[in-house]
Every structure is written in structure tokens, then in C-alpha cells.
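Listed below, chain by chain, are the residues.
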Amino acid sequence: MEMGVDRVKVVVGNTGLGYYKEVESYDKYIDLRYIPELSMIRRDDSGINIGVAITISKAIEAVKECNQHGFHIEENMVYKKIADHMEKVASGFIQNSASLGGNLVMAQRNHFPSDIATVLLAVGSLVNIMNGLRSKELTMEEFLRRPELDSKSILLSVKIQDWNRLMGISSGTRMNLLFETNRAAPQPLGNALPYLNAVLMAEVSHCTTSNGIILSNCRFAFGAYGTKHPLRATKVEEFFTGKVLSVGVLYEAVKLLGAIVVPDDGTSNPAYRSSLAVGFLFEFFSHLFEANVELPDGYMNGYSPLLSPAKQLDHGKIPTLLSSSMQEVELNRQYHPVGDPIAKSRATIQASCSLYREAVYVDDIPSPTNCLHEASFTVHASQFF
């Protein structure tokens, strides 16, 4: 942004500097944290509005509070899982400094592999942008696809819509919501940037004409796999809508998703990233089936007969897909004693010495006062003449 002859940059925590180095110098920085309208959190029946200057940690707290005050089990589950996923973003120090708006702007402008953008895309969030004296509300998908914000535009707030209104669910509707967030990263417990993140949700209801489950209102979002921004797999969503879940339906959806989630050229581990998306989709629906059913084209270990309704739709007690195996190793004495386990002969002596404190190592001896250490080395005399 240029103001006269000065170059100005709008920031909140400016933590993006640690990831994207500044190639241009700026004369002034405008700190948005001191604008009250950008640091407000408002809740009403339509959802929750979060100002873009709110730090990620405060945004997480706000979403958690929505989980505690929700009136529907499904709504509470959505807010809880959104907060849980956002807690995996960066370290605590970054969460306390970085802003929600800054994360989204980096995702839109610099194609940053943002977990937050993927989550907000899946749950139908809206963003409010001011251009000059006019404000405009966009869906998260429209915001990510539009050209980057210029010097006359600024992101004001993000709105997470009320889930029941978004999906058109009434209090008397007999439907259950499945909702799950996923991410795979080099260091899953170390807040590393993901290879791929995904948010999967669908409404399920029991079919009245068959012993099956009908899918509707599916929303699948995938990001951070080597594309410019997160995207929704709308073709897979449309394919599932109105269908009774079966092995064949899931198999066709998996093949369709594999053709959609394709990393751009030059992305590291492209096949692995695509396989993650397929695996997350399969895992999302797999608890609705029982095991040992043959898939098309000769594939095995599929899932077909539907479980009981209590097991299908209990969000908190989804069974884990554990597999068992057995391996037999035949031993022979052809190369005896090569291959036989042999105890280290000095292990017992070393252990006993340490136990009775008889072994003394130089590194364990405290250095006396004014102690000098000698390091011996050799050089060629010719180097000094």
C-alpha cells in the first residue's frame, strides 16, 4: 500500500514474516489491533462474527464458548471439532500473536496451506470485505477464488453461520450429522504444515423402503495438497446426495475423488497427498459398514451390511477399524551361530559398576578452579614460514 511517497503495510501480528520474507521495504506499519471494530466477537441466532484482528487463540476460545452454549448436539459437535482442529495450527506462541484475518489473507494471496481456510470453507463461512466506503459479503469459496485484495480493500470479519440454518434443518427433522476434520503432517504432534487437510460432513437418515442409509447435504473440503487454495469436492458431494450408502457407491466416490484431488506440478509427494484424501473419505464412511465384503474389480476388505442405528450415528462412540495379523518365521541352524541372539559380555559389568558407583568417567568429574584443557593437533612446519 502506497500513501504519498511512503510505503505502508497493514499488519496485526505480522507473523507471516517468519514464513514469507519481505522482498520490499516499508516506511510505516499500520497495526489493526487498535481498531475496536476489527477486534470484536458477536454472537446471535445467525452465527458468530469474528473480527479479523482477533488472534487465533481468542478465535478458538470463542468457538469453544459456542460449543458450550449450543442447543443441539450436532451443533455442539461441529463447534467442538472446529476448535480442536484450529488448536493444531502453529504453536501456542504463534496462536497468541497471529490473527485470524492474516491467516486467511495469506491463504488467499500467497496460497498458504491454511488449515483454518479449509475448515471455514467446509462449514459455509462468510467474509465481510470493505472496498472504499462499501462493504460486501462473500462466501469463503468466493473470497479464496477472487483476485488478491488491493490497497483499497480490507477484510473486516469472518462469520461462522448457524449450522441448522445453513443446512436447513428444523428441530423436528429426523436426521443425523456426521462431521470430521482431518490433517496429515510430517510432525502430527508438532504443529507442522500439513501434507493435506480435509473436512468431511454429511447428513444421514434411515431409508424407509430398505435397510439402508440415505446421504444428503454433503460438504467435502480439501486443502494444502499442492493447489492455490482449498476447494470443495462438489462433484463428489453431488454424487452422494440422495443415494443409499453402499459399497458400490463408496467405491465410485473414491475413484471420483482421486481424479479431483490432484496436486499441481512440482508438489512434493503428490501420490501420497492424493491417497490421503481418498483414505480420509473412506474412513469417514467406513464405520457405517461391517467388514469382509468384496469390492468391485477384485478388491477386498470393503464394508457392506449396515450396522444397527445406535452404532451408526453415535458420534462419540465410532468404532476404530483395527486389523489383526500373524506372521510365522521359520528358523534354521544352517549358519549357526550367525543370527543367534548373544548377550553383550561387558553389559553386566558396566551395569554393576554403575549400580555400585564403581565406574568413574572423566566427563563426570567436576573441573577444578582455573582448570585448563589441552587439545593436541599437528601442523606442517612449512605453514609458518
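Details of the structure are given in the entry above.
Worth saying up front: this structure is predicted, and the values here are computed from it rather than measured. (Residues numbered from 1 in each chain as written. Predicted model: local features only at pLDDT ≥ 70, side-chain atom pairs only at ≥ 80, totals over all residues. Heavy atoms only, no water.)

**Notes on the pattern of salt bridges**
Thinking step 1. Throughout the structure, instances matching the rule amount to 10 salt bridges.
Thinking step 2. Across the pair arginine 33 and aspartate 31 runs a salt bridge whose closest N-O atoms are separated by 2.5 Å.
Thinking step 3. With a closest N to O distance of 3.6 Å, glutamate 141 and arginine 145 form a salt bridge. With glutamate 141 and arginine 145 both in helix α6 (residues 140–145) and four residues apart, the pair spans about one turn of that helix. (Salt bridge = Lys/Arg side-chain N within 4 Å of Asp/Glu carboxyl O. Helix = DSSP H or I, 4+ residues; strand = E, 2+ residues; numbered from the N terminus.)

**Overview of the packing of helix α4 (residues 100–109) against helix α5 (residues 115–122)**
Thinking step 1. With their axes 8 Å apart at the nearest point, α4 and α5 run at an angle of 90 degrees to one another. The angle between α4 and α5 places the two elements in the roughly perpendicular class. Here Leu100, Asn103, Leu104 and Ala107 of α4 come into contact with α5, specifically with Ile116, Ala117 and Leu120.
Thinking step 2. For the contact of α4 with α5, a count of residues per class yields six nonpolar, one polar and no charged. (Axes fitted to C-alpha atoms, helices over the stretch in contact; angles between N-to-C directions. Parallel < 35°, antiparallel > 145°, perpendicular 65-115°, else oblique. Contact = heavy atoms within 4.5 Å. Nonpolar A, V, L, I, M, F, W, Y, C, P; charged D, E, K, R; others polar.)

**Quick word on the sheet that holds strand β9 (residues 176–184)**
Thinking step 1. Read across the sheet, four strands follow the order β9-β10-β11-β12 without closing on themselves; strand pairing throughout is antiparallel. Of all strands in the sheet, those with a lone pairing partner are β9 and β12 (231–232), marking the two edges.
Thinking step 2. Both β9 and strand β10 (residues 196–206) contribute to a ladder of nine bridges, which runs antiparallel. Residue pairing across strands places asparagine 182 opposite alanine 198, the latter belonging to β10.
Thinking step 3. Packed onto the sheet, helix α2 (residues 73–86) meets β9 and β10 and runs at close to 5 degrees relative to β9.
Thinking step 4. Sheet strands in contact with helix α10 (residues 270–286) are β9, β10 and β11 (213–223), and its direction is about 25 degrees off that of β10. (Pairing = 2+ DSSP bridges.)

**Points about the packing of aromatic side chains**
Thinking step 1. Under the defined criterion, the tally for this structure stands at 11 aromatic pairs.
Thinking step 2. When the ring of tyrosine 195 is compared with that of tyrosine 272, the centres are 5.4 Å apart and the planes differ by 85 degrees; the resulting orientation is edge-to-face. Residue tyrosine 195 is found in the loop between β9 and β10, and its partner tyrosine 272 is found in helix α10; the two are separated by 77 residues along the sequence.
Thinking step 3. Owing to a relative accessible area of 40%, tyrosine 272 belongs among the partly exposed residues under this scheme.
Thinking step 4. An aromatic cluster is built from Phe220, Phe239, Phe240, Phe284 and Phe285, whose rings are joined through pairwise contacts.
Thinking step 5. The aromatic ring of phenylalanine 239 is capped on one face by lysine 243, whose charged end is 4.5 Å from the ring centroid. (Phe/Tyr/Trp six-rings, centres within 6.5 Å; stacked < 30°, edge-to-face > 60°. Buried < 20%, exposed > 50% of the residue type's maximum accessible area, 1.4 Å probe, protein only. Lys NZ or Arg CZ within 6 Å of the ring centre and 35° of its normal.)

**Topic: the sheet that holds strand β7 (residues 134–139)**
Thinking step 1. Here five strands make up an open sheet; going across it, the order is β4-β5-β8-β6-β7 and the pairing antiparallel. In this open sheet, the two edge strands, each paired with only one partner strand, are β4 (41–44) and β7. Averaged over all neighbouring strand pairs, the angle between strand axes comes to 20 degrees, with direction disregarded.
Thinking step 2. As defined by bridge partners, strand β5 (residues 47–51) adjoins strand β8 (residues 153–161) across five bridges and the pair is classed as antiparallel. Considered in β8, the bridge of isoleucine 48 is made with isoleucine 160.

Interpretation note: all reported values are geometric properties and have no functional meaning in isolation.
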